[in-house]
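Given next are the chains, with one letter for each unit.
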Amino acid sequence: MKRIAIIGPESTGKTVLTRSLAAYFGVPWVPEYAREYVENLDEHYTFEDVCKIAEHQIKTEEGFESNDVLPRVFFDTDLIITKVWFEFCFQKVPEFVTERLSKRFFDLYLLCEPDLPW
């Protein structure tokens, strides 16, 4: 199985692209959990919140590690983006994030970039 991550800055069409590719190939896609998580908070997110988001991302990835039935799966973002979030907002990255990233889960990354003036 090929595991493909669609990454890039906000508002570059990652979700639309991820959903469209999955529909075209008739395979599942994994939505961005961070968006849902943060939208349901009553106050600003914390370091611990981002840790929970990272843990969820890892568990979701692990669910696809030994799947040899599907030809591919598309992920709307990945742990690299969460690592950047940790670095930018908190100037530190939990060891479990760095360790997971060293395992190279994805087979392919598609990087979106903004092509419209913001």
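Residues numbered from 1 in each chain as written. Predicted model: local features only at pLDDT ≥ 70, side-chain atom pairs only at ≥ 80, totals over all residues. Heavy atoms only, no water.

A. Broad picture of the environment of Val30. Tracing the sequence through the fold places Val30 in strand S2 (residues 29-30). Put simply, Val30 and Thr12 are 18 residues apart on the chain and 17 Å apart in space, counted from C-alpha to C-alpha. (Helix = DSSP H or I, 4+ residues; strand = E, 2+ residues; numbered from the N terminus.)

B. View of the side chain of Glu61. Locating Glu61 in the fold gives a position in helix H3 (residues 47-62). Looking at Glu61, the relative accessible area reads 2%, which means it is buried. Beyond its immediate stretch of four places on either side in the chain, Glu61 contacts Phe75, Asp78, Leu79, Arg100, Phe105 and Phe106. (Buried < 20%, exposed > 50% of the residue type's maximum accessible area, 1.4 Å probe, protein only. Contact = heavy atoms within 4.5 Å.)

C. Summary view of the sheet that holds strand S3 (residues 72-76). Across the sheet, four strands lie side by side as S2-S3-S1-S4; this open sheet has parallel pairing. Single-partner strands in this sheet number two, and they are S2 and strand S4 (108-111). Of the pairings in the sheet, the one linking strand S1 (residues 2-7) to S4 comprises four bridges and is parallel in character. By the bridge assignment, Ile4 is partnered in S4 with Leu108. (Pairing = 2+ DSSP bridges.)

D. Focus on the side chain of Thr12. Relative to the assigned elements, Thr12 resides in the loop between S1 and helix H1 (14-25). Residue class for Thr12 comes out buried when judged on its relative accessible area of 16%. Separated by 2.8 Å, the side chain of Thr12 and the backbone oxygen of Pro9 make a polar contact. Among residues more than four places away in sequence, those in contact with Thr12 are Cys112, Glu113 and Pro114. (Polar contact = N/O pair within 3.5 Å; in protein donor to acceptor, adjacent residues only side chain to side chain.)

E. Region of interest: the packing of H3 against helix H4 (residues 79-90). Packing of H3 against H4 brings their axes to within 10 Å, and their N-to-C directions diverge by 170 degrees. Taken as axis vectors, H3 and H4 run roughly antiparallel relative to one another. Contacts between H3 and H4 involve Phe47, Val50, Cys51, Ile53, Ala54, Gln57, Ile58 and Glu61 from the first element and Leu79, Thr82, Trp85, Phe86 and Phe90 from the second. (Axes fitted to C-alpha atoms, helices over the stretch in contact; angles between N-to-C directions. Parallel < 35°, antiparallel > 145°, perpendicular 65-115°, else oblique.)

F. Up close: the environment of Trp29. Mapped onto the elements of the fold, Trp29 is located in strand S2. The class for Trp29 is partly exposed, based on a relative accessible area of 26%. The spacing of Trp29 and Thr18 is eleven residues in sequence and 6.7 Å in space, taken between C-alpha atoms. Beyond its immediate sequence surroundings of up to four residues, Trp29 is in contact with Thr15, Thr18, Arg19, Ala22, Phe74 and Asp76.

Any functional reading would require information beyond the geometric quantities listed.
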